[in-house]
Amino acid sequence: MEDSLAEAFWAVARRLRHRTRVALEPWDLSPSLARALSVLSRHGDVRLSTLADHLRIAPRSATEVADDLTRLGLAARLPDPDDRRATLLTLTPAGRETATAIQAARLTEGDRFFEVLDEKERADLSRIMRKLSSG
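Residues numbered from 1 in each chain as written. Predicted model: local features only at pLDDT ≥ 70, side-chain atom pairs only at ≥ 80, totals over all residues. Heavy atoms only, no water.

(A) Just the environment of Ala13, in detail. When you line up the elements, Ala13 lands in helix H1 (residues 5-24). For the pair Ala13 and Phe113, spaced 100 residues apart in sequence, the C-alpha to C-alpha distance is 11 Å. (Helix = DSSP H or I, 4+ residues; strand = E, 2+ residues; numbered from the N terminus.)

(B) Summary view of the packing of helix H2 (residues 31-43) against helix H4 (residues 59-71). One way to put it is that H2 packs onto H4 with a least axis distance of 10 Å and a crossing angle of 85°. One element, H2, and the other, H4, form an angle in the roughly perpendicular class. Between H2 and H4, the contacting residues are Leu33, Ala36, Leu37 and Leu40 on the first element and Val65, Asp68 and Leu69 on the second. When grouped by side-chain class, the residues that make up the contact of H2 with H4 number six nonpolar, no polar and one charged. (Axes fitted to C-alpha atoms, helices over the stretch in contact; angles between N-to-C directions. Parallel < 35°, antiparallel > 145°, perpendicular 65-115°, else oblique. Contact = heavy atoms within 4.5 Å. Nonpolar A, V, L, I, M, F, W, Y, C, P; charged D, E, K, R; others polar.)

(C) Region of interest: the packing of H2 against helix H5 (residues 93-114). It is at 9 Å that the axes of H2 and H5 come closest, and there the two elements cross at 110°. In terms of orientation, H2 and H5 fall into the roughly perpendicular class. Taking contact as the criterion, the partners of Pro31, Ala34, Arg35, Leu37, Ser38 and Ser41 in H2 are, on H5, Gly95, Thr98, Ala99, Ile102 and Arg106. Looking at side-chain class alone, the contact of H2 with H5 contains five nonpolar, four polar and two charged residues.

(D) Structural detail: the layout of surface pockets. Here the largest pocket defines a volume of roughly 1,300 Å³. Contributing to the lining of the largest pocket are 35 residues, with Phe9, Ala13, Leu16, Phe114 and Met129 lying nearest its centre. Broken down by secondary-structure element, the contributors of at least two residues to the lining of the largest pocket are H1, H2, helix H3 (48-55), H5 and helix H6 (119-134). With twelve residues, H1 is the single largest residue contributor to the lining of the largest pocket. Taken together, the residues of the lining of the largest pocket sort by class into 19 nonpolar, four polar and twelve charged. Size it by volume and the second largest pocket reaches roughly 170 Å³. Lining the second largest pocket, in full, are Phe114, Arg122, Leu125, Ser126, Met129, Arg130, Leu132 and Ser133. The element best represented in the lining of the second largest pocket is H6, accounting for seven residues. Across the lining of the second largest pocket, the residue classes break down as four nonpolar, two polar and two charged. (1 Å grid on protein atoms, 1.4 Å probe; cavity = no way out; pocket = protein on both sides within 12 Å on 5 of 7 lines; lining within 4 Å. Points joined across faces, edges and corners; volume = space filled by probe spheres on them.)

(E) Structural detail: the sheet that holds strand S3 (residues 83-91). Read across the sheet, three strands follow the order S1-S3-S2 without closing on themselves; strand pairing throughout is antiparallel. Because the sheet does not close on itself, it has two edges, and the strands there are strand S1 (46-47) and strand S2 (75-80). When S2 meets S3, the two strands line up antiparallel, connected through six bridges. Across the sheet, Ala76 pairs through a bridge with Thr90, a residue of S3. Docked against the sheet, H4 engages S2 and S3, running at close to 120° with respect to S2. (Pairing = 2+ DSSP bridges.)

(F) A look at a nonpolar patch on the surface. A contiguous nonpolar surface patch, about 560 Å² in accessible area, is contributed by Phe9, Trp10, Leu125, Ile128, Met129 and Leu132. The leading source of residues in the nonpolar patch is H6, at four residues. Take Phe9: it is sitting in helix H1. (Patch = residues over 30% accessible without salt bridge, like charges linked within 9 Å, V, L, I, M, F, W, Y side chains within 5 Å. Areas by Shrake-Rupley, 256 points an atom, 1.4 Å probe, with all protein chains shown as cover. Salt bridge = Lys/Arg side-chain N within 4 Å of Asp/Glu carboxyl O.)

(G) Region of interest: the pattern of salt bridges. Applying the stated rule across the entire model yields ten salt bridges. Put simply, Glu64 and Arg60 hold a salt bridge, and the shortest N to O gap is 3.9 Å. Separated by four residues within a single helix, Glu64 and Arg60 lie in helix H4, roughly one turn from each other. The class of Glu64 is partly exposed, set by a relative accessible area of 39%. (Buried < 20%, exposed > 50% of the residue type's maximum accessible area, 1.4 Å probe, protein only.)

And the structure:
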């Protein structure tokens, strides 16, 4: 019996997630911490509520992520110049370096993962994925 399209999609997503976790092993970071580094790298200094929104997690969980990144020396808390009651999370130099390295590893792993497709197949898949994600 052939898998449904949705089942095939989730099987591919699981394989890609697994390969991404393996690619993150040199940094000993959870996928959620790696995603948080990516958010900070792309968006700059953010309030924890903004980080929670980007990661689609509860604000309390964003506090835990910030605590972990701070403990690892990858991020630091700064007072928000626009609101003394608020705190911003910012990447440290080590955090920027780690975020850049992780992004490069993810791109390399993505290239390896999709190399079984020829150029036209990759273009078609990219177009289809953009269409599905915008709808």
